[in-house]
Amino acid sequence: MTYHATLIPGDGIGPEITAATLKVLSATGVAFDWDEQLAGIAAVEKAGTPIPEGTLQSIRERKLALKGPLTTPVGSGFRSVNVALRKEFELFANLRPAITILPGRYDNIDIVLVRENLEGLYSGVEHFIQIGSDPRAVAVSEAILTRQVAERIVRYAFDYALTHQRKKVTLVHKANILKMVGGLFLEVGRSVAREFEGKVACNDLIVDNAAMQLVLKPEQFDVIVTTNLFGDILSDLISGLVGGLGLTPGGNIGANVAIFEAVHGSAPDIAGQGVANPSAHMLAAAMMLDHVKEHAAAGRVREGIRRTIVDDGIRTRDPAAPPTPRSSAMQSLGGLQAEVPCVRCHERIPGLPWGERCPACRAERSRRARKLARRISLVAALIAAAILGLRVPPGPDARMSIGIGVLGAFLLTRVIAQRLAMEFLPD
Ligand SMILES: NC(=O)c1ccc[n+]([C@@H]2O[C@H](COP(=O)([O-])OP(=O)(O)OC[C@H]3O[C@@H](n4cnc5c(N)ncnc54)[C@H](O)[C@@H]3O)[C@@H](O)[C@H]2O)c1
């Protein structure tokens, strides 16, 4: 069987990771007939609009798309194409699974985040209010949540949990402060949860606590369902738990159309350098294979990625996989000692403790700290000399007293200044 799907390579690193992903997909043997279309900056440059009608038409007909990341201008310019596509095709659920591939800071993460994709603070209801001569004196962005949308997303999360043998759904909200939007989400969430009692467990957490719990005890989470903005932020946080944005895929699911993509953006800082991690996009393609019930091929893609990264030790430079006492066995990955980036120069050094500077950066910092401490202690010695010169009464021992005082001030200030400089000197 041949699957007809729309292919949007996207902006920035999009074309690179799409080319790599197509090679993997063709190796699975599952046949795709791709209709390549433009969106984002690439579309603005070629067609004068970020979402050409041809792109919408293709997705409308094929109902399935693999999309690269799209650049959205910050603060001004055209509205997010991603948001527009979600609205156009009513892609109400954003499914973001994160599984540990490369054990490191955390070894066994397996969390699925279900994000409400259409409403909340992404509703696009925004305006400025003019005060005096300032037309942008007040900015208003409205968060909107309808009962029906809240119920649909929570029900999707529980159905997903039930059909994927998951045990628990956590409702994440901010109902203590956002009494309306947060309150309605929680009320609807608890009501849907009662229907699944005995089959899927449920708890709820305020979003700030959820963020801390995710960092402290991520193993307590299974499926998380939350509103749009919290889902956006927490899914990047969860990506960080499994090694970074290069490893987490996402699916935008609607009743008729599904669009799969990596969680990350167009990464303009590394575009065109051939260093982008294509794994997230490949994992999004695996989600797409699952969506069309090609589960065996999806499994092969995931296993291929795991073997390449873990067994063969072949990696791009982004995944953060620090050796920690809990995972000392991971000091060696595929025969290679884990390389950890220096927090200052980012050079990867085998065996460097996580969050530390490399020896060269440490030596450089120590040299700068010594230089600064020398200057400060000279000033302190001069001040001490001036004060002692005025205060010590003349006599046979006056010179020696002043000398000892000045030397003491010099040495003490130098030791303290050097310690403080090592601690607080900016890089
Ligand atoms: N779904 C999407 O299309 C989508 C999602 C998020 C952001 N964006 C857009 O992307 C643009 C850039 O956004 P940003 O910089 O905030 O986020 P980003 O995800 O593009 O990049 C954040 C950081 O992660 C790194 N990174 C991201 N993907 C990587 C990969 N595959 N391999 C290695 N490193 C990777 C980048 O180099 C960067 O340092 C913006 O215009 C934003 O609106 C698009």
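Residues numbered from 1 in each chain as written. Predicted model: local features only at pLDDT ≥ 70, side-chain atom pairs only at ≥ 80, totals over all residues.

(A) Quick peek at the overall build of the protein chain. Scanning the protein chain from terminus to terminus reveals 12 helices and 16 strands. Rg of the C-alpha trace for the protein chain: 28 Å, well past the compact-globule value of 22 Å for 427 residues, more than 25% over. Taken along its principal axes, the extent of the C-alpha atoms in the protein chain is 105 × 65 × 55 Å. The buried share of the protein chain, reckoned over its 427 residues, is 39%. For the protein chain, contacts bridging at least 24 residues in sequence account for 68% of all contacts bridging at least 6. (Helix = DSSP H or I, 4+ residues; strand = E, 2+ residues; numbered from the N terminus. Rg over C-alpha atoms; globule rule 2.2 N^0.38 Å. Buried ≥ 20, exposed ≤ 12 C-beta atoms within 10 Å, placed from the backbone. Contact = placed C-beta atoms within 7 Å.)

(B) Region of the structure containing the site of the ligand. Close to the ligand lie 21 residues, the nearest being T72, G246, H264, G265 and N277. Here the residues of the shell around the ligand sort into nine nonpolar, nine polar and three charged. (Near = placed C-beta within 6 Å. Nonpolar A, V, L, I, M, F, W, Y, C, P; charged D, E, K, R; others polar.)

(C) Molecular detail of helix α5 (residues 147-163). Across its 17 residues, α5 extends 24 Å between first and last C-alpha, which sits within 8% of the 24 Å expected from 1.5 Å per residue. Considering only its buried residues, α5 is in contact with β4 (93-99), β5 (110-116), β8 (168-173), α6 (181-195) and β10 (223-226). Count one or two residues on from α5 and you reach Q165, which has phi positive near 50°. (Expected span 1.5 Å × (residues − 1).)

(D) Focus on α6. Along its 15 residues, α6 runs 22 Å from first to last C-alpha, staying within 8% of the 21 Å computed at 1.5 Å per residue. Those residues of α6 that sit buried are V181, G182, L184, F185, L186, V188, G189, V192 and A193.

(E) Just unusual backbone geometry, in detail. A positive phi is found at E90, a non-glycine position, where the angle reads about 45°. Relative to the assigned elements, E90 resides in the loop between α4 (81-88) and β4.

(F) Structural view of the sheet that holds β4. Pairing is mixed in the open sheet, where 10 strands are placed in the order β2-β1-β3-β12-β11-β4-β5-β10-β8-β9. Every other strand in the sheet has two partners, leaving β2 (31-36) and β9 (201-206) as the edge strands with one partner each. Averaged over neighbouring strand pairs, the angle between their axes works out to 25° when direction is ignored. α6 rests against β8 and β9 of the sheet, and its axis sits at about 165° to β8. Packing of helix α9 (residues 279-291) onto the sheet brings it into contact with β3 (64-67), β11 (249-253) and β12 (258-262), and relative to β12 it is tilted by some 155°. (Pairing = 2+ DSSP bridges. Axes fitted to C-alpha atoms, helices over the stretch in contact; angles between N-to-C directions.)

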